[in-house]
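Each chain is listed here by its residues.
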Amino acid sequence: MTPYSVHERISRETTALAPRLWQVAMALHEQPELAFEEHSAAALLTSELESAGLDVVRGVAGLPTAFTARTGDGNGPCVALLLEYDALPGLGHACGHNLIAAAGLGAAIALQRSVHEINGSVLVVGTPAEEGGGGKATEVEAGVFDGVDAALMFHPGVHSWSSAPLTAQVQFRVGFRGRAAHPTGNPTEGIDALGALIQLFNALAALQPRRPSGSHVQGIITDGGRATNIVPEYAEGRFGLRGATGKDLDELISELRKCADGIALATGTTAETGQVSARYEHFRNNDVLSRLFTGHMERAGVTLCAPTPGVYLGSSDIGNVSAQVPAIHPFVAILDTYESDHTPRFAEAAASPWGRRTMLAATEALASTAADVLLDPAISRSAWSDFHAKAAAGQ
C-alpha cells in the first residue's frame with residue numbers, strides 16, 4: 001500500500017465521517033464542561049471510539065475524565081492523537097476544544113478504516129483540563145506517553161501557523177505576614193502586610209524591561225485585608241509567570257522569590273511563596289512532523305505559514321508532551337486575525353461553517369500524518385533526531 005493511496009482513502013473516509021464528526025463537535029459545543037468536569041464529553045467520545053472498534057481505557061492517570069483508546073499490533077511506531085474537550089467558565093468553547101476533540105476522533109477512525117494492517121499502533125489520548133488544570137502534564141507524569149513516537153493535534157485560532165509559539169507557564173502564591181494595629185491609635189505597632197505586597201508588585205513591574213522576549217509576570221491581589229481601620233496583618237497575591245523557555249521560567253521563579261524575600265526583610269514582614277498550579281513547559285515543535293502536516297493541509301486547501309517572530313499565543317500543557325516525545329500543535333484559523341480566542345465571538349466560530357471546514361481539513365491532515373509515520377519507519381527516526389537536537393540546544 002503506497003502512502004498516496006492511503007491518503008486518498010483517508011480523504012474519502014473523512015468525507016464519509018463528516019456529518020457524524022460535526023454532530024459530535026456540536027454536541028460538545030452545546031454542553032460545555034469545565035476542567036476535570038467533562039463527564040458527558042468523555043462519555044460521548046469513548047462511546048464513539050468503542051463503536052469504531054478501538055480498545056478504550058477510562059480514568060487513566062487517576063483522572064476520571066481522561067481516557068485512552070488503542071488500535072494496531074504494537075510492533076512498530078506508536079502515534080498518539082490528542083483530544084481536548086474542556087471549556088471556559090462563562091464562555092463555553094471559546095477556545096474551540098470541541099473541534100480539537102472531533103478532529104482527533106475523526107483522524108483515529110479514518111486512519112483505522114484506511115490502514116487495515118497497521119505495523120505499529122495508534123493511541124488516542126483524551127486530555128482533560130487544558131484550561132489551567134494540566135491534564136496532559138498529569139498524563140505525562142503517569143507514563144501515558146511512554147513508547148509514543150509522535151503526538152499529533154491541532155488547535156483552532158485566528159492564525160494559520162504551522163507551529164505553536166507557546167511559553168512555559170506556572171502560577172505562584174505569595175503571602176506576607178505582618179502585625180495588625182489601629183492605623184491611628186497605635187500605627188507604630190503595625191507591620192503592613194499589604195504594603196509589602198504592593199511593593200512586590202512595584203518591584204516586579206520595575207524589572208519587566210530587563211526580561212527577555214516572551215517572559216512576563218502578571219499578578220492579582222487575592223487577599224488585601226479586612227477593613228480600612230486595621231493595618232493588614234496578612235496579604236496575598238497570585239502571580240502568573242510565563243517564560244519563552246523552561247529556563248526562562250526558572251529564572252522568573254527565582255526572581256519572584258528573591259524579590260519577596262528582599263521586601264520581607266526591608267518591611268519587617270515574613271514572606272511565603274508556593275506553587276499553586278500545574279507547570280506547563282514551553283512547546284517544542286517537531287519540524288519533521290510539522291512539514292508533513294503542513295503539506296497535507298495544503299492538499300486539503302489550507303495554507304499554513306511560520307508564526308510571526310516574537311509573537312506568543314499563550315501556554316498549554318501540550319508543552320509537557322513535547323518535552324517527552326516529538327509533537328505538533330499547529331494553529332488553524334476559524335476567525336479573522338483581528339479577532340481573538342477566549343471571546344464570545346470565538347465560541348460562535350467554533351460552531352460555524354468556517355469551524356467545520358477547518359475541523360475536517362485538520363482531521364484529514366492528522367490522519368495522513370499519522371499514516372506517514374506508521375508506514376515509513378524513517379520518519380519516526382528523523383522526528384526523534386529533530387527532537388533530541390532541539391532538546392540539546394535548549395529550544
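Residues numbered from 1 in each chain as written. Predicted model: local features only at pLDDT ≥ 70, side-chain atom pairs only at ≥ 80, totals over all residues. Heavy atoms only, no water.

Visitor: In this structure, what is going on with the layout of surface pockets? I would like to understand it.
Guide: Unoccupied space between atoms shows up once a probe the size of one water molecule is rolled over them. Estimated volume of the largest pocket: approximately 730 Å³. For the largest pocket, the lining is made up of 34 residues, of which Glu131, Arg242, Gly314, Ser315 and His342 are closest to its centre. Contributions of two or more residues to the lining of the largest pocket are made by strand S6 (155–157), strand S7 (168–177), strand S8 (216–223) and strand S9 (234–243). Residue composition of the lining of the largest pocket, grouped by class: 11 nonpolar, 17 polar and six charged. Taken as a whole, the second largest pocket encloses approximately 330 Å³ of empty space. Lining the second largest pocket are 19 residues, with Ala164, Pro165, Leu166, Phe283 and Tyr312 positioned closest to its centre. Counted by class, the lining of the second largest pocket contains nine nonpolar, seven polar and three charged residues. (1 Å grid on protein atoms, 1.4 Å probe; cavity = no way out; pocket = protein on both sides within 12 Å on 5 of 7 lines; lining within 4 Å. Points joined across faces, edges and corners; volume = space filled by probe spheres on them. Helix = DSSP H or I, 4+ residues; strand = E, 2+ residues; numbered from the N terminus. Nonpolar A, V, L, I, M, F, W, Y, C, P; charged D, E, K, R; others polar.)

Visitor: Explain the sheet that holds S8 to me, please; I cannot follow it from the model alone.
Guide: Hydrogen bonds along the backbone pair up the strands of a sheet, which may run parallel or antiparallel. Overall, antiparallel pairing links the four strands, which are arranged S8-S9-S7-S10 in an open sheet. Looking along the sheet, the strands with just one partner apiece sit at the ends: S8 and strand S10 (270–275). When the angles between neighbouring strand axes are averaged without regard to direction, this sheet yields 25 degrees. Bridging between S7 and S9 involves 10 bridges; their strand directions are antiparallel. From the neighbouring strand, Val174 faces S9, where its bridge partner is Gly237. This element, helix H5 (residues 193–207), spans S7, S8 and S9 of the sheet and lies at about 15 degrees to S9. The strands touched by helix H6 (residues 246–267) are S7, S8, S9 and S10; relative to S7, the strand with the most contacts, the crossing angle is about 5 degrees. (Pairing = 2+ DSSP bridges. Axes fitted to C-alpha atoms, helices over the stretch in contact; angles between N-to-C directions. Contact = heavy atoms within 4.5 Å.)

Visitor: What is the right way to look at the pattern of salt bridges in this model?
Guide: Pairing between side chains of opposite charge can happen when their charged atoms approach one another. Counted under the stated rule, the structure contains 17 salt bridges. Here Glu236 and Arg173 are joined by a salt bridge, their closest N and O atoms 3.6 Å apart. Taken together, the residues span a long stretch of sequence, with Glu236 in strand S9 and Arg173 in strand S7 at a distance of 63 residues. With a closest N to O distance of 2.7 Å, Arg177 and Glu272 form a salt bridge. On the criterion of sequence distance, the pair formed by Arg177 in strand S7 and Glu272 in strand S10 is long-range, its members being 95 residues apart. For Arg177, a relative accessible area of 41% puts it in the partly exposed group. What emerges from the salt-bridge pattern is a single network uniting Arg173, Arg177, Glu236 and Glu272. (Salt bridge = Lys/Arg side-chain N within 4 Å of Asp/Glu carboxyl O. Buried < 20%, exposed > 50% of the residue type's maximum accessible area, 1.4 Å probe, protein only.)

Visitor: Sorry, what's going on with the nonpolar core here?
Guide: Soluble globular proteins: nonpolar side chains tend toward being buried together. In this structure, Leu49, Leu111, Leu152 and Met359 are the most contacted members of the largest nonpolar core, which totals 66 residues. No other element matches the 11 residues that helix H10 (residues 353–375) contributes to this core. Leu111 has contacts with Ile10, Val122, Ala367, Ala370, Ala371 and Leu374, leaving out every residue within four places of it along the chain. Membership of the second largest hydrophobic core comes to 24 residues, among which are Ala168, Ala193, Leu204 and Phe239. (Core = buried A, V, L, I, M, F, W, Y, C linked by side-chain atoms within 4.5 Å.)

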